[in-house]
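For reference, the chains in residue letters:
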Amino acid sequence: MEELVVRAARDLVNSRYAIALTGAGISTESRIPDFRGPSGIWTKDPEAERRAYLAYQSLLEDPKRWWEESLSGPRPRFIEDLEKAMPNPGHYALAELETMGILKSVLTQNVDGLHEKAGSKNVLEYHGSMFKLRCISCGSRFAQDEFDLEKLRVKDKLPPRCPKCTGVIKSDGVFFGEPIPSDVSHLSLEEAWKCDLMLICGTSAVVYPFAELPRVARQRRTETEGKTETGIYMVEKIPAVTIIEVNAEPTPLTEERISDYLIRGKTGEILPKIVEEVKKIRQ
Ligand SMILES: [Zn+2]
């Protein structure tokens, strides 16, 4: 493992445009429950899962009613858990790599806002954020406190409307059946095209379309020219990206050889070690 940590640090230092992809694995270390694990939110409450599947359709059909229902009753436990959650050393390590100028962006599937809390600046929240609101027409995002939802409810003015285009406002978190917001999906693909190093942390990348990103990067080749010993001119195509996985277990990315190597363990332990090695190399 130590050897691979040193290798990852070297690869990062030598990279021109490194990006990170993160998923649930980095959040569960901040004690954020997942949805489908043994003690996941939906494993314990299948009715909540059923409602989640219907949410997008119900919102489109009757946004006023959707908002009234979601504002009535107690706030879901997991939203309160998310608000209290704090970043872990894995989040801070990625923020530090960005400050050092090595990591150019973080593409995350998580909706908990922990990368931003840890100080990462260039974060693409692929599945949105539980702490933001978004217009379903023009895609503008807003902080939650830009709308007084309780006042709108009392005055019978729900749903909240976009100040720019009067479209319906929803939570920024992407619902089942809802397309990935086009700005985020476009920028993420661009990052996957641009990077020469992809650090995959705490995700098996099996949920599409996010799962496309490492696969798109893997297919890229750069051409290098050279002469063989017999003087014949050659064009060689070599992989354009180094893909490093930091995951607890091997994943389809490991098995399909999409990643170059897997550093097995907790992101909260391994990422800080990589940062330490990067510092040693740069001294
Ligand atoms: Zn709008």
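Residues numbered from 1 in each chain as written. Predicted model: local features only at pLDDT ≥ 70, side-chain atom pairs only at ≥ 80, totals over all residues. Heavy atoms only, no water.

## A word on the overall build of the protein
Working step 1: Each helix and strand counted, the protein has 13 helices and eleven strands in total.
Working step 2: For the C-alpha atoms alone, the extent of the protein along its principal axes is close to 80 × 35 × 35 Å.
Working step 3: Expressed as a percentage of contacts within the protein between residues at least 6 apart in sequence, the contacts between residues at least 24 apart total 67%.
Working step 4: Total accessible area on the protein is roughly 15200 Å²; 53% of this is exposed by carbon and sulfur atoms. (Helix = DSSP H or I, 4+ residues; strand = E, 2+ residues; numbered from the N terminus. Contact = heavy atoms within 4.5 Å. Areas by Shrake-Rupley, 256 points an atom, 1.4 Å probe, with all protein chains shown as cover.)

## Observations regarding the coordination of the zinc ion
Working step 1: The protein atoms that coordinate the zinc ion are Cys135 (SG), Cys138 (SG), Cys162 (SG) and Cys165 (SG), at distances of 2.3 to 2.4 Å.
Working step 2: For the zinc ion, the donor residues sit on a single chain with the sequence spacing C-x2-C-x23-C-x2-C. Of this pair, Cys135 sits in strand E4 (residues 132–135) while Cys165 sits in the loop between helix H9 (149–154) and strand E6 (169–171), placing them 30 residues apart in sequence. (Donors = N, O, S within 2.8 Å, 3.2 Å for Na, K, Ca; no water.)

## Here we look at the packing of aromatic side chains
Working step 1: With the rule as written, the count across this model stands at five aromatic pairs.
Working step 2: Judged by centre distance (5.7 Å) and plane angle (45 degrees), the rings of Trp66 and Phe175 are tilted. A residue pair is termed long-range when its members are at least 10 positions apart, and Trp66 in helix H5 (residues 63–71) and Phe175 in the loop between E6 and helix H10 (182–194) qualify at 109 residues.
Working step 3: On the basis of an interplanar angle of 90 degrees and a centroid distance of 5.4 Å, the ring pair of Phe142 and Phe147 is categorised as edge-to-face.
Working step 4: The exposure class assigned to Phe142 is buried, which follows from its relative accessible area of 6%.
Working step 5: Among the aromatic residues, ring-to-ring pairing joins Trp66, Trp67 and Phe175 into one connected group. (Phe/Tyr/Trp six-rings, centres within 6.5 Å; stacked < 30°, edge-to-face > 60°. Buried < 20%, exposed > 50% of the residue type's maximum accessible area, 1.4 Å probe, protein only.)

## Some remarks on the pairing of strand E7 (residues 197–201)
Regular strands show a simple pattern: their side chains alternate between the two faces of the sheet.
Working step 1: In terms of burial, E7 is largely enclosed, as five of its five residues are buried.
Working step 2: Pairing analysis gives five bridges linking E7 to strand E10 (residues 242–247), with the strands arranged parallel. Across the sheet, the residue bridging to Cys201 is Val246, located in E10. (Pairing = 2+ DSSP bridges.)

## Notes on the packing of helix H7 (residues 89–99) against helix H13 (residues 267–282)
Working step 1: Interaxial distance between H7 and H13 falls to 7 Å at its minimum, and their mutual angle equals 30 degrees. Put simply, H7 runs roughly parallel to H13. In this structure, the crossing between H7 and H13 has a hand that is left-handed. Across from Pro89, Gly90, Ala93, Leu94, Glu96 and Leu97 in H7, the residues of H13 making contact are Thr267, Gly268, Leu271, Pro272, Val275, Val278 and Lys279.
Working step 2: Looking at side-chain class alone, the contact of H7 with H13 contains eight nonpolar, three polar and two charged residues. (Axes fitted to C-alpha atoms, helices over the stretch in contact; angles between N-to-C directions. Parallel < 35°, antiparallel > 145°, perpendicular 65-115°, else oblique. Left-handed = near helix turned anticlockwise from the far one by under 90°. Nonpolar A, V, L, I, M, F, W, Y, C, P; charged D, E, K, R; others polar.)

## Concerning H13
Working step 1: With 16 residues, H13 should cover 22 Å at 1.5 Å per step; its first-to-last C-alpha distance of 22 Å lies within 8% of that length.
Working step 2: Taken together, the buried positions of H13 are Thr267, Gly268, Ile270, Leu271, Ile274, Val275, Glu277 and Val278.
Working step 3: In this fold, the buried residues of H13 make contact with helix H1 (2–14), helix H2 (24–28), H7, E7, E10 and strand E11 (261–264). (Expected span 1.5 Å × (residues − 1).)

That's the geometry; what it means functionally is another story.
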